[in-house]
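Examination of the molecular architecture
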Amino acid sequence: MGFARTCSVALVGVEGVVVEVQADLEPGVAAFTLVGLPDKSLTESRDRVRAAVVNSGGEWPQKKLTVGLSPASVPKGGSGFDLAVACAVLGAAERIDPRVLSDIVMIGELGLDGRVRPVRGVLPAVLAAADAGYEQVVVPECTAAEASLVPGVSVLGVRSLRQLIAVLTDEPVPEEEPDEPGRPDPMLAGLCVPGTGVGTGLAGAVDDTYGLDLADVVGQLSARTAVEVAAAGAHHLFLQGPPGAGKTMLAERLPAVLPRLTREESLEVTAVHSVAGMLPPGKPLVDIAPYCAPHHSATMQSLVGGGKGIARPGAVSLAHRGVLFLDEAPEFSTQTLDSLRQPLESGHVVIARSAGVVRLPAKFLMVLAANPCPCGRHTLLGDGCECPASVIRRYQARLSGPLLDRVDLKVEVEPVTRSELAGYGTPGESTRTVADRVRAARERAAARLSGTGWRTNSEVPGHALRTRWPASPGALDAAELDLERGFLTARGLDRVLRVAWTVADLAGRDRPSTQDVALALQLRTGIARGVPMAIGAVT
């Protein structure tokens, strides 16, 4: 009887579980049995592994073969177990020393010719292996750079099964024929999911931080100020105005204003995008804030995550540490919009399915954009709106009160005038200038919040702001009066104080003043408070 074991990783959402792959050979009729709660794609690995071993020059054992995946209670799917199954079988057949395999984690799909093909989710899989104490990982060669992002793990990238066999048996490593130059690499097909390209609005930010410049936006001083405050404090933003006023332009330029991701944040985002099959080729680490803009016909499952079996990341997780832009927000279904309430508060999504419960990260900056009415001309002069009052009320009521109460900044985007389009006014600041000011404000907030676990003003609870970092004496009088009048909820008062701290950080002040709170109230309620809508003008 021959026995060998090695390890692989099963992904549950964006978290990995180390799985022991055991192979047992017994005398009897030649058969291959795979046990351990595999799905259809994993069950098919029996034929892939057999063909790959034979075409790699190995001999397939003609005995009763049983391959077990432990723990058996964890659902397992995908083709990433192929490499571990093949090596476990070869170890049981004594082609490879079983002692060499026991401390190695193997991830990769096998082609029928023995080539090792890449799979999605390599980064979270290697992270799980490192957390479990494993120090050696074998992955496909084209994903070795992604796996190497995990510190303390020795990564071996292989192109074929015969190369791995040679490495494990101390034999000369054969050279694989390179692909013909100029032809597309078929091996990269395993890293992408059809329908997740740039055209879907679910792609990560491109590495062109200042490609979309804020200076291109004509006028819109109030909206530009709101975008800057939103970026500096990670506050959610609601832009309302007629079509063509520049709402989408402002939202598209917001990711470039955000600071680059830290190393920890980059690993979080890269893990989600790796599982979703959205990592751009040749760029294993996402270090720029992602931008996701799903269409208003998106279902609740595509927005918050879901699908058959174990839930997969949705748009809120793909926008983790970045921007989620919902254009034409009232056109989304009410149920879909209200499903955002929990991730907006907690920063994660918990999805329960019959196959298991998945916790997905979802700490994003939400930007809503809406027209004032179905025809979009309700606030315009000249072209009168033909929508009945009942239709306008019903249209605006699609954004529920509890959802809007979680939005810190509400700004009316005015139509652009002819003189502004002609360039007679003062041009707006560039993205680079605003981004530098945002970065400085974030650094002030980080220094103040050092040692607390919070990074931005939007994360700090209202009680902590009122007790540990109080505003200037009398600064909150107007906000407290609005609370008594019913214009603000208790959550709204806390959010006004958070925005006031962000305005103070942008202006370089130690704590919010009366005018900082007034500007925060103006951004929150849309009611004029007698302060200019520009950070530099608040004194």
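Residues numbered from 1 in each chain as written. Predicted model: local features only at pLDDT ≥ 70, side-chain atom pairs only at ≥ 80, totals over all residues. Heavy atoms only, no water.

Some details on the packing of helix H8 (residues 221-233) against helix H18 (residues 431-448)
Running from N to C, H8 and H18 cross one another at 40°; their axes reach a closest spacing of 8 Å. Relative to H18, the element H8 is oriented oblique. Here H8 runs over H18; the crossing is right-handed. Across the interface between the two elements, Glu228, Ala231 and Ala232 of H8 pack against Val434, Arg437, Val438, Ala441 and Arg442 of H18. Among the residues forming the contact of H8 with H18, the class breakdown is 5 nonpolar, no polar and 3 charged. (Axes fitted to C-alpha atoms, helices over the stretch in contact; angles between N-to-C directions. Helix = DSSP H or I, 4+ residues; strand = E, 2+ residues; numbered from the N terminus. Parallel < 35°, antiparallel > 145°, perpendicular 65-115°, else oblique. Left-handed = near helix turned anticlockwise from the far one by under 90°. Contact = heavy atoms within 4.5 Å. Nonpolar A, V, L, I, M, F, W, Y, C, P; charged D, E, K, R; others polar.)

What to know about the pairing of strand E15 (residues 365-370)
Among the 6 residues that make up E15, 6 are buried, leaving the element largely enclosed by the rest of the structure. Bridge analysis of strand E10 (residues 237-240) against E15 gives 4 bridges, and the strand direction is parallel. By the bridge assignment, Leu239 is partnered in E15 with Ala369. Bridge analysis of strand E12 (residues 323-326) against E15 gives 4 bridges, and the strand direction is parallel. (Buried < 20%, exposed > 50% of the residue type's maximum accessible area, 1.4 Å probe, protein only. Pairing = 2+ DSSP bridges.)

A look at the confidence of the model for the protein chain
For the protein chain, per-residue confidence averages 87 on the pLDDT scale, and residues scoring 70 or more make up 90% of the total. When pLDDT is averaged over each helix and strand of the protein chain, the minimum, 72, is found for helix H17 (residues 418-421) and the maximum, 97, for strand E5 (residues 104-106). (pLDDT = per-residue confidence, 0-100.)

So, the packing of H18 against helix H21 (residues 490-507)
The relative placement of two packed helices comes down to the angle between their axes together with the axis-to-axis distance. Running from N to C, H18 and H21 cross one another at 115°; their axes reach a closest spacing of 8 Å. The element H18 and its partner H21 pack so that their crossing is right-handed. Together, Arg437, Val438, Ala441, Arg444, Ala445 and Arg448 of H18 and Trp501, Asp505 and Leu506 of H21 make up the contact between the two elements. Along the lines of polarity and charge, the residues of the contact of H18 with H21 split into 5 nonpolar, no polar and 4 charged.

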